Amino acid sequence: MKFKALRVSETVDKAGKATFKQSIETLDLNDLPAGDVLIKVAFSSLNYKDALSATGNRGVTRQFPHTPGIDAAGAVIASSADGIYAGDQVIVTGYDLGMNTAGGFGQYIRVPAAWCVPIPKGMTAKDAMVFGTAGITAALSVIKLEQRGVRPEEGPLLVTGATGGVGTVAMALLTKLGYQVVAMSGKPDAASYCQRFGVGKVLDRSEFLTSKKPMLSARWRGAVDCVGGEVLGTVLKQMTPAGVVTACGLAGGTEFCASVFPFIIRGVELLGIDSVEIPLNQKAAVWMKLANEWRIDWPADTVKEISLLQVPDHIQSMLKAAHYGRVVIKHEC
């Protein structure tokens, strides 16, 4: 059986310089890797990791040609695994999907059964991909904050990189749960976007990063950092005593500079968020929350639906930091 996929191919010139090209290609099911479950993908979504894979980042994808797409939702076509049957609606996010295993930017994927979560009742494949990996990551951040005792009445929470995928879902969840959210963004027109989620104040990144002092005035009881780098270092300096920061992004850099002062003077906690390799039962529990009590009514223009042909343009937009909200990819039938 033939199907369409966005493929990334590599060309190396005589000087050894590699260039990467994205194109829509026709593949055969035999081109897919071995796996227990064959899935016809109805929807995927666009994430920063996909943009890195699609432009040849070796830390994400080692071998090319390759089909990116770390998220996929659709119907099982064939299964050799107990408990998963043809016709089942499933979600696949994380693990190796779209990294070194052909991903959701193809109309079909073949994966291990241990990667598949049933789509909860009341949630469609599109609903699932509006959340996607970004939604799982944001939800895990909120769960960590709740587990550490961060309550809405204790003061404002900060969300950095607020207009991106994880930031968008984090804002939506936190405001839904009654938290006072302050957003931070490097985009000059971010305020109107963030206000659609009930965010009252938006900080400009350039002003946020002005001070090099080892400690700053205590402002945030909790924070979801979707940026990393210098932004994360500055967030830590501004936490209140017993403040909690979840780290789940790297668009601002993989390294940050910080002193021990926030940790030993204010007792700040820095918690890493892994949405890729967590056990499947934990993922399933998060999906149930997102389908039920954490279900989001998305404001207009915060979710875009695109075709596979439009993906390359949106990848460029994401890499240029001109991207807002969530982008879902609808595959043709």
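Quick look at the structure, then. (Residues numbered from 1 in each chain as written. Predicted model: local features only at pLDDT ≥ 70, side-chain atom pairs only at ≥ 80, totals over all residues. Heavy atoms only, no water.)

1. Let's talk about the overall build of the protein
Reasoning step 1: Scanning the protein from terminus to terminus reveals nine helices and 15 strands.
Reasoning step 2: A globule of 333 residues ought to have a C-alpha radius of gyration of about 20 Å, and the protein, at 20 Å, matches this closely.
Reasoning step 3: With the C-alpha coordinates aligned to their principal axes, the bounding extent of the protein is approximately 60 × 55 × 35 Å.
Reasoning step 4: Buried positions account for 53% of the 333 residues belonging to the protein.
Reasoning step 5: Once local pairs closer than 6 in sequence are excluded, the contacts in the protein between residues at least 24 apart make up 71%.
Reasoning step 6: Of the roughly 14400 Å² of accessible surface on the protein, 52% is carried by carbon and sulfur atoms. (Helix = DSSP H or I, 4+ residues; strand = E, 2+ residues; numbered from the N terminus. Rg over C-alpha atoms; globule rule 2.2 N^0.38 Å. Buried < 20%, exposed > 50% of the residue type's maximum accessible area, 1.4 Å probe, protein only. Contact = heavy atoms within 4.5 Å. Areas by Shrake-Rupley, 256 points an atom, 1.4 Å probe, with all protein chains shown as cover.)

2. Quick look at the nonpolar core
Reasoning step 1: Counting 52 residues, the largest nonpolar core has Met123, Met171, Leu174, Trp287 and Leu290 as the members making the most contacts within it.
Reasoning step 2: Sorting the residues of this core by element identifies α2 (125–147), β8 (157–160), α3 (165–176), β9 (181–185), α4 (190–195) and α8 (280–291) as the ones contributing at least two each.
Reasoning step 3: In this structure, Leu174 is in contact with Val142, Leu145, Leu157, Val159, Tyr179, Val181 and Val224, ignoring residues within four places of it in sequence. (Core = buried A, V, L, I, M, F, W, Y, C linked by side-chain atoms within 4.5 Å.)

3. Here's the deal with helix α9 (residues 311–319)
Reasoning step 1: Restricting attention to buried positions, one finds in α9 the residues Val311, His314, Ile315 and Met318. Along the axis of α9, the buried positions cluster into a sector of 110 degrees, meaning they face one direction only.
Reasoning step 2: Contacts made by the buried residues of α9 are with β1 (2–12), β2 (18–28), α1 (48–54), β14 (303–306) and β15 (326–330).
Reasoning step 3: Following α9 by one or two positions, Ala321 adopts a phi angle in the positive range, close to 60 degrees. (Arc of directions from axis to C-beta.)

4. Concerning the packing of aromatic side chains
Reasoning step 1: Applying the stated criterion across every chain yields a total of seven aromatic pairs.
Reasoning step 2: Relative to Trp115, the ring of Tyr95 has its centre 5.9 Å away and its plane inclined at 15 degrees; by these criteria the two rings are stacked. Of the two residues, Tyr95 sits in the loop between β5 (89–93) and β6 (108–111) while Trp115 sits in the loop between β6 and β7 (116–118), which places them 20 residues apart along the sequence. Each member of the pair, Tyr95 as well as Trp115, carries the same accessibility label: buried.
Reasoning step 3: The rings of Phe131, Tyr193, Phe197, Trp298 and Tyr324 are connected pair by pair, giving a single aromatic cluster.
Reasoning step 4: For Lys187, the ring lying beneath its charged end belongs to Tyr324, and the centroid distance is 4.3 Å.
Reasoning step 5: Sitting over the face of the ring of Trp294, Lys289 holds its NZ or CZ atom 4.4 Å from the ring centroid. (Phe/Tyr/Trp six-rings, centres within 6.5 Å; stacked < 30°, edge-to-face > 60°. Lys NZ or Arg CZ within 6 Å of the ring centre and 35° of its normal.)

5. Notes on the sheet that holds β9
Reasoning step 1: The strand order β10-β9-β8-β11-β12-β13 describes an open sheet built from six strands, whose pairing is parallel. Each of the sheet's edge strands pairs with one partner strand only, and the pair in question is β10 (201–204) and β13 (269–272). Across this sheet, the average inter-strand angle for adjacent strands is 20 degrees, counted without regard to direction.
Reasoning step 2: In terms of strand pairing, β8 meets strand β11 (residues 220–225) through three bridges, oriented parallel. Within β11, the position partnered with Leu158 by the bridge is Ala223.
Reasoning step 3: Relative to the sheet, helix α6 (residues 229–237) contacts β8, β9, β11, β12 (239–247) and β13, its axis offset from that of β12 by approximately 155 degrees. (Pairing = 2+ DSSP bridges. Axes fitted to C-alpha atoms, helices over the stretch in contact; angles between N-to-C directions.)

6. Things to note about α6
Reasoning step 1: The buried count for α6 comes to eight of nine residues, which makes it a mostly enclosed element.
Reasoning step 2: Considered for burial, the residues of α6 that qualify are Gly229, Val231, Leu232, Gly233, Thr234, Val235, Leu236 and Lys237.

7. So, the packing of α2 against α8
Reasoning step 1: Following both chains from N to C, one finds α2 and α8 inclined at 105 degrees, their axes separated by 10 Å at the closest point. Judged by the inter-axis angle, α2 sits roughly perpendicular to α8. Of the residues in α8, those touching α2 at Ala128, Phe131, Gly132, Gly135, Ile136, Ala139, Leu140 and Ile143 are Lys283, Val286, Trp287, Lys289 and Leu290.
Reasoning step 2: Among the residues making up the contact of α2 with α8, the classes are represented as nine nonpolar, two polar and two charged. (Parallel < 35°, antiparallel > 145°, perpendicular 65-115°, else oblique. Nonpolar A, V, L, I, M, F, W, Y, C, P; charged D, E, K, R; others polar.)

8. Considerations on the pairing of β2
Reasoning step 1: Where β1 and β2 come together, 11 bridges link them in antiparallel fashion. Looking at the pairing, Ser9 lines up with Lys21 of β2.
Reasoning step 2: Counting the residues in the hairpin turn of β1 and β2 gives five residues, including Gly16, whose phi is positive at 90 degrees.

9. Looking at the side chain of Thr234
Reasoning step 1: Note on placement: Thr234 falls in helix α6.
Reasoning step 2: Residue class for Thr234 comes out buried when judged on its relative accessible area of 2%.

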